[in-house]
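So the chains spell out like this:
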Amino acid sequence: MEQLTPAKVTPADPPGGAAGEAEKRRALRKMKLVALSFLLGATLVFLLTSWAQSAGWPGWVGYVRAAAEAGMVGALADWFAVTALFRHPLGLKIPHTAIIPNKKDALGNSLGEFVGSNFLSEEVIRDKIRRVEIARRLGGWLSQEENAERVTSEVATMVRAAVKVLRDEDVQAIMEQAVARRIIDKPWGPPLGKILQGVFADGAHHKLVDLMCDRAYEWVRDNHTAMLRVVSDRAPSWSPKFVDEMLADKVYGEVLSFAWAVKTDVNHPMRLALDKFLGEFAQDLQTDPDVMARAEQVKGQIVHHEEVQRLIGSAWSTAKEMLLTAAEDPSSELRRRVRLGLMSLGSRLVSDDQLRAKADGWVEGAAAYLVKNYSGEITTIITDTVERWDAEETSRKIELQVGRDLQFIRINGTVVGALAGLVIYAVAELLF
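The rules behind the values
- Residues numbered from 1 in each chain as written.
- Predicted model: local features only at pLDDT ≥ 70, side-chain atom pairs only at ≥ 80, totals over all residues.
- Heavy atoms only, no water.
- Helix = DSSP H or I, 4+ residues; strand = E, 2+ residues; numbered from the N terminus.
- Buried < 20%, exposed > 50% of the residue type's maximum accessible area, 1.4 Å probe, protein only.
- Contact = heavy atoms within 4.5 Å.
- Areas by Shrake-Rupley, 256 points an atom, 1.4 Å probe, with all protein chains shown as cover.
- Salt bridge = Lys/Arg side-chain N within 4 Å of Asp/Glu carboxyl O.
- Expected span 1.5 Å × (residues − 1).
- Arc of directions from axis to C-beta.
- UniProt positions renumbered as here; feature names shortened; annotations may be inferred.
- Bend = angle between axes of the 7 residues up to and from the residue.
- Polar contact = N/O pair within 3.5 Å; in protein donor to acceptor, adjacent residues only side chain to side chain.
- Phe/Tyr/Trp six-rings, centres within 6.5 Å; stacked < 30°, edge-to-face > 60°.
- Core = buried A, V, L, I, M, F, W, Y, C linked by side-chain atoms within 4.5 Å.
- Lys, Arg positive; Asp, Glu negative; His and termini not counted.
- Patch = residues over 30% accessible without salt bridge, like charges linked within 9 Å, V, L, I, M, F, W, Y side chains within 5 Å.

Okay, the overall build of the chain next. A tally of regular secondary structure across the chain gives 19 helices and zero strands. Considering the chain as a whole, with its 432 residues, one finds that 26% of them fall into the buried category. Across the chain, every contact between residues at least 6 apart in sequence was considered, and the portion connecting residues at least 24 apart equals 73%. Working note: accessible area of the chain is about 28800 Å², and carbon and sulfur atoms make up 63% of it.

Below you can see the structure in the form of structure tokens.
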């Protein structure tokens, strides 16, 4: 089966785009002309001094000729060396030339190994993070309101994007199966009884009892006619009407007095009996099989009620609408609390040494874990990317970035060669 090779791509353009590349190209051409001018200058001096020497000029001409000759050699050698990095000099395929196009993949592997060994080692990462003090800097940045608002806005944007991407039917199915179903399938009696037992033990139910007593007293007080009608309807048919009315007034007065006593006396026997009943009921929900079974029956009736099923079915839609509304409104309570929470966290990261040390430890540990386990994958990005680059285009891009500085090698080669030639010629003249 034929193996497919990945298509070659060109390296990214330098910063500044086409305009920046054009500027660098002009600067490179300018420096090449400068370096070439040094070579031409040395060549011209060499030719003139060679003529002058043959014409019988004084002996100092030989010194200048030797310097110019050595400068020419140095310039040509360094031109060859610089050119050999990027292409074959004069188009001649001399061995060990066009190094970057031919050794591009090897250079990419070496670069990846260098980065992995010197920048992605666990010790280097830990030391760098420790010296940077990320938690302190982040805390100082977050403690400023405008920065906390910026983070809140970004979080809101991500939340909106995530909520809109999710399919309603999928989320609804998860809520029904993973959340609602688990809650429904578990017995309600014991946990409900435990909750009620804690509420009754703390006396938190007394306000509810007070409300019930107040409402009961108000109902009796405001329904005198209804009480009279109930007593009259249950009186014997032979009983005189005035007797029924007197009896009804008496019963109403007793009921009203009883309701008032229960309302005003926190230690009324009725209240104490109610507290005892509620406590026993909470205990029975946890231990009495009959009460627990009846609680399950009530649960089933509640869960399968039409309104409850409709509520479960619309839970995600309601939550989604509320979340989107809160995320989009900069003045919403949700965003306000997130912003205040971020500012509070930032202030604590600055002032709380223990929290800051713990946060730095988390960041340091996470970075070290990534480097320790995934440094190979990270450096592979470098090697794979370089392998996919087109060789000729890569060479051109690199030359565009560093070629201008490399022209100084040619200039220095001309100058240093001339000085070396002058010294060698002078020493030879002195010795021989």
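Attention shifts here to the pattern of salt bridges. Between side chains of opposite charge, a pair can form as their charged atoms come close. Counted according to the given criterion, the structure contains 17 salt bridges. Note that R26 is salt-bridged to E23, the shortest N-O span being 2.5 Å. One end of the pair is R26 and the other is E23, both in helix 1 (residues 17-54) and three residues apart, which spans about a single turn. Residue classification places E23 among the partly exposed positions, given a relative accessible area of 44%. Measuring nitrogen to oxygen at the nearest pair gives 2.8 Å for the salt bridge that ties E149 to R339. Taken together, the residues span a long stretch of sequence, with E149 in helix 7 (residues 145-165) and R339 in helix 17 (residues 333-351) at a distance of 190 residues. Accessibility expressed as a relative area gives 24% for E149, which makes it partly exposed. What emerges from the salt-bridge pattern is a single network uniting K32, R87 and E399.

So, about helix 13 (residues 269-287). In this model, helix 13 (19 residues) spans 27 Å end to end at C-alpha, consistent with the 27 Å of a helix rising 1.5 Å per residue. Three or more residues of helix 13 are buried, namely R271, L278, A282 and L285. When helix 13 is viewed along its axis, its buried side chains cluster within an angular range of 65 degrees and face the same direction. Looking at helix 13, the residues exposed on the side facing more than 90 degrees away from the buried face are P269 and K276.

What follows concerns the side chain of T49. Of note, T49 is situated in helix 1. Discounting chain neighbours no more than four positions away, the residues touching T49 are V61, V64 and R65.

Moving on, we get to the UniProt feature "transmembrane region" (unreviewed entry) in the chain. UniProt feature "transmembrane region" (unreviewed entry): in the numbering of this structure it lies at residues 33-52, 64-86 and 408-428. In residues 33-52, the share of helix is 100% and the share of strand is 0%. The end C-alpha atoms are 28 Å apart. Between the C-alpha atoms that bound residues 64-86 the distance is 34 Å, and the span itself is 100% helix and 0% strand.

We now examine unusual backbone geometry. One can expect most non-glycine residues to show negative phi and most peptide bonds to be in trans. Residue L90 is not a glycine yet carries a positive backbone phi of 55 degrees. For L90, the position within the fold is in the loop between helix 2 (60-86) and helix 3 (99-102). Accessibility expressed as a relative area gives 72% for L90, which makes it exposed. The phi dihedral of A98 is positive, around 50 degrees, even though this residue is not glycine. Inspection of the secondary structure assignment puts A98 in the loop between helix 2 and helix 3. Under the relative-accessibility criterion, A98 is labelled buried at 4%.

Remark: the principal bend of helix 18 (residues 353-388), roughly 75 degrees, maps to Y374. Of the surrounding secondary structure, the elements contacted by the buried residues of helix 18 are helix 4 (104-118), helix 5 (122-132), helix 6 (134-142) and helix 17. Between the side-chain oxygen of the N-cap and the backbone nitrogen of Q354 there are 3.1 Å, and the N-cap of helix 18 in question is D352.

Here we come to the packing of aromatic side chains. One pass over the full model with this rule turns up four aromatic pairs. Ring geometry for Y63 and Y425: centres 5.0 Å apart, planes at 85 degrees, overall edge-to-face. Note that Y63 is positioned in helix 2 and Y425 in helix 19 (residues 391-431), a separation of 362 residues in sequence.

Here we come to the nonpolar core. Judged by nonpolar contacts, L120, I125, I129, A367 and V371 together constitute the single largest core of five residues. Going through the elements one at a time, helix 5 and helix 18 are the ones with two or more residues in this core. Sequence-distant contacts of A367, defined by excluding residues within four places in its chain, comprise I125 and I129.

Time to look at the environment of S110. Here S110 shows up in helix 4. According to the relative accessible area criterion, S110 is partly exposed, its value standing at 42%. Here the alpha-carbon distance between S110 and T383, two residues 273 residues apart in the chain, equals 8.4 Å.

Further remarks concern the side chain of D78. Its place among the elements puts D78 in helix 2. Notably, D78 is buried but unbridged: the nearest opposite-charge side chain belongs to R410, and the N-O separation is 7.9 Å.

All right, on to a nonpolar patch on the surface then. The grouping of V45, W51, W57, W60 and V64 at the surface amounts to a nonpolar patch, some 530 Å² of accessible area in total. Elements with a contribution of two residues or more to the nonpolar patch: helix 1 and helix 2. You can see W57 is positioned in the loop between helix 1 and helix 2. Look at W57 and you get partly exposed, because its relative accessible area is 43%.

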